[in-house]
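# Secondary and tertiary structure notes
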Amino acid sequence: MRVFHIISGFENGGVEMLLERWIAAMPRDIEFHIVAHDVSVPACRDRLAALGAVIHLIPRRKRPLAHQRALQALFLQYRPEVVHVHTTEWGFLALRVAEHCAVPVRIQHSHAAWRGPLSPFLSLRFWLGRRAATDYFACGEAAARTAFGERFLQEGRVKLMRNGIDVEAFRFDPAARAATRQVLGIEENAPVIGMVARFSPQKNHGAALDIFEGFVRRHPDAVLLLVGDGDQRPEIEAAAKQRFSEGAVRFLGVREDVSALYAAMDGFLLPSRFEGFPITLVEAQSAGLPAAVSDTVSPEVALTDLVRFVDVEDKNAFCDALDRSPTLPREDYCEAVLRAGFSLADTAAQLYQFYQSKK
């Protein structure tokens, strides 16, 4: 069986991380192809290729005719049984090409529950894709409502595909905490707040700096760890350099030891403008981290009592939510996350069974 996944680029974002985990967890009788137009993080592409995925780079969607011609050539050459589209704004182009090429299974997958002035634009794009899709997936109910509407959700036409993780890999480890803090040069009792996200407008790193500025007034020895990369990183680095003392804000880039970094943290920050069902928040809860999250994120992400939702404009309220972090004992929340249905093994098996049912 041949399955094509359509993504925007290899950015080490949530979708790419999810695909990497799914492909690694599935039997090898599916031939995976991944189509993108950009390689921002070569290591991300290389990890997927090492798992056996065939990588295809095509023209950007800003050149729609060239983009569609390249997709058509791939679909006609390989004749996939499934085209699984993960992109938001322009995914309808791939779905329409797949329909034209008689691909039997065409999945439109919503990974975000957006808000703001672009909502009508994005909803129109999903409506166009919906007409060419045969199946509808979403990472959560909010993402399903945004992309497909309440009626589709209530009628059971949207399949909820949880962003599963290897929960055990994120279980809190005191030894990893001590070792990671030592490597980073952070004092044992210094409050450490962390954010794991691409540097993009959606993730709102500018707000993270504003929040941390207030937090530092309360805790002068506090440290902010920013894990990830992206187009806005240089801008945020320049702002942090102007506003904070050296070492207060650490830019760690894309890391392979994220579970150890969670262990080193005392609290997790997510001031996103919008989200679907952020994988990093599932990881943080598995690690037992209290989290301060913007109220633009769906309440369904609160798998445990660790999550506090805060008005995205209220920086003091974020500081209040984070204030409790260094004083709370690190309890084991892995079982709670597993009970909520976020086992990687289970979600990968669910997707594999769906693909097999379409043979």
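What you are looking at is a predicted structure, and each value in this text was computed from that prediction instead of being measured.

### A short note on the pairing of strand 7 (residues 135-138)
Here strand 7 shows a buried face lined by Asp135 and Phe137 and a second buried face lined by Tyr136 and Ala138. Bridge count between strand 5 (residues 105-110) and strand 7: 4 bridges; the pairing is parallel. Bridge assignment links glutamine 108 to a residue of strand 7, and that residue is tyrosine 136. In the sheet, strand 7 pairs with strand 8 (residues 158-160) via 3 bridges, with the strands oriented parallel. Residue phenylalanine 137 lies in a different strand from strand 8, and its bridge partner there is lysine 159.

### Focus: the pairing of strand 2 (residues 31-36)
When you tally the buried positions in strand 2, you get 5 out of 6 residues, the bulk of the element. Judged from the 5 bridges that link them, strand 1 (residues 2-6) and strand 2 form a sheet pairing that is parallel. Bridge pairing links histidine 5 to isoleucine 34 in strand 2. In this view, the connection linking strand 1 to its parallel neighbour strand 2 by way of helix 1 (residues 14-25) has right-handed handedness.

### Regarding the environment of histidine 205
Among the structural elements, histidine 205 can be located in helix 9 (residues 205-218). Between the alpha carbons of histidine 205 and isoleucine 186 there is a distance of 22 Å; along the sequence they are 19 residues apart. The residues touching histidine 205, leaving out its near neighbours within four places in the chain, are Met195, Ala197, Arg198, Phe199, Ser200, Leu226 and Ile236.

### Considering helix 10 (residues 233-243)
Quick reminder: α-helices carry 3.6 residues per turn. Residues three or four places apart thus point the same way. Listed in full, the buried residues belonging to helix 10 are Arg233, Ile236 and Ala240. When helix 10 is viewed along its axis, its buried side chains cluster within an angular range of 65° and face the same direction. Residues of helix 10 that are exposed and point more than 90 degrees away from the buried face comprise Pro234, Glu235, Lys241 and Gln242. Tucked into the core, helix 10 has its buried residues touching helix 9, strand 10 (223-227) and strand 11 (249-253).

### Details of the nonpolar core
Side chains of nonpolar character tend, in soluble globular proteins, to be buried together. Ranked by internal contacts, the top residues of the largest apolar core, which has 91 residues, are Trp22, Phe75, Tyr262, Phe268 and Tyr355. With 6 residues, the top contributor of residues to this core is helix 15 (residues 344-357). Apart from residues no more than four positions distant in its own chain, phenylalanine 268 is found in contact with Gly194, Met195, Val196, Tyr262, Thr280, Leu281, Ala284, Leu289, Pro290, Ala291, Ala292 and Leu322. The next biggest cluster of nonpolar side chains, apart from the first, holds 25 residues, and it includes Phe215, Ala248, Val249 and Phe251.

### Examining unusual backbone geometry
Although it is not a glycine, alanine 102 adopts a positive phi angle of roughly 60°. With respect to the element layout, alanine 102 can be found in the loop between helix 4 (91-100) and strand 5.

### As for the sheet that holds strand 7
Strand order in the open sheet formed by 7 strands is 3-2-1-4-5-7-8, with parallel pairing between adjacent strands. A strand with exactly one partner marks an edge of an open sheet, and here the two such strands are strand 3 (54-57) and strand 8. This sheet shows a mean twist of 25° between the axes of neighbouring strands, independent of strand direction. Pairing between strand 1 and strand 4 (residues 82-85): 4 bridges, direction parallel. Bridged to isoleucine 6 within strand 4 is valine 85.

### Looking at the environment of glutamine 108
Within the secondary structure, glutamine 108 is located in strand 5. A C-alpha to C-alpha distance of 6.0 Å links glutamine 108 and alanine 133, two positions 25 residues apart in sequence.

### Focus: the packing of helix 1 against helix 2 (residues 42-50)
Between helix 1 and helix 2, whose axes approach to 10 Å, the crossing angle comes to 20°. The orientation of helix 1 relative to helix 2 falls into the category roughly parallel. Helix 2 is crossed by helix 1, and the crossing has left-handed handedness. Touching Glu16, Leu19, Glu20 and Ile23 of helix 1 are Cys44, Arg47 and Leu48, all from helix 2. Of the residues that constitute the contact of helix 1 with helix 2, the class distribution is 4 nonpolar, no polar and 3 charged.

### Some thoughts on the sheet that holds strand 12 (residues 267-270)
A sheet is described by the order of its strands in space; here 6 strands give the open sequence 11-10-9-12-14-15, paired in parallel fashion. On the outer flanks of this sheet lie strand 11 and strand 15 (307-310), each paired with one strand and no other. Here the average twist between neighbouring strands, direction ignored, is 25°.

Rules of the game
- Residues numbered from 1 in each chain as written.
- Predicted model: local features only at pLDDT ≥ 70, side-chain atom pairs only at ≥ 80, totals over all residues.
- Heavy atoms only, no water.
- Buried < 20%, exposed > 50% of the residue type's maximum accessible area, 1.4 Å probe, protein only.
- Helix = DSSP H or I, 4+ residues; strand = E, 2+ residues; numbered from the N terminus.
- Pairing = 2+ DSSP bridges.
- Right-handed = clockwise from strand over helix to strand, strands pointing away.
- Contact = heavy atoms within 4.5 Å.
- Arc of directions from axis to C-beta.
- Core = buried A, V, L, I, M, F, W, Y, C linked by side-chain atoms within 4.5 Å.
- Axes fitted to C-alpha atoms, helices over the stretch in contact; angles between N-to-C directions.
- Parallel < 35°, antiparallel > 145°, perpendicular 65-115°, else oblique.
- Left-handed = near helix turned anticlockwise from the far one by under 90°.
- Nonpolar A, V, L, I, M, F, W, Y, C, P; charged D, E, K, R; others polar.

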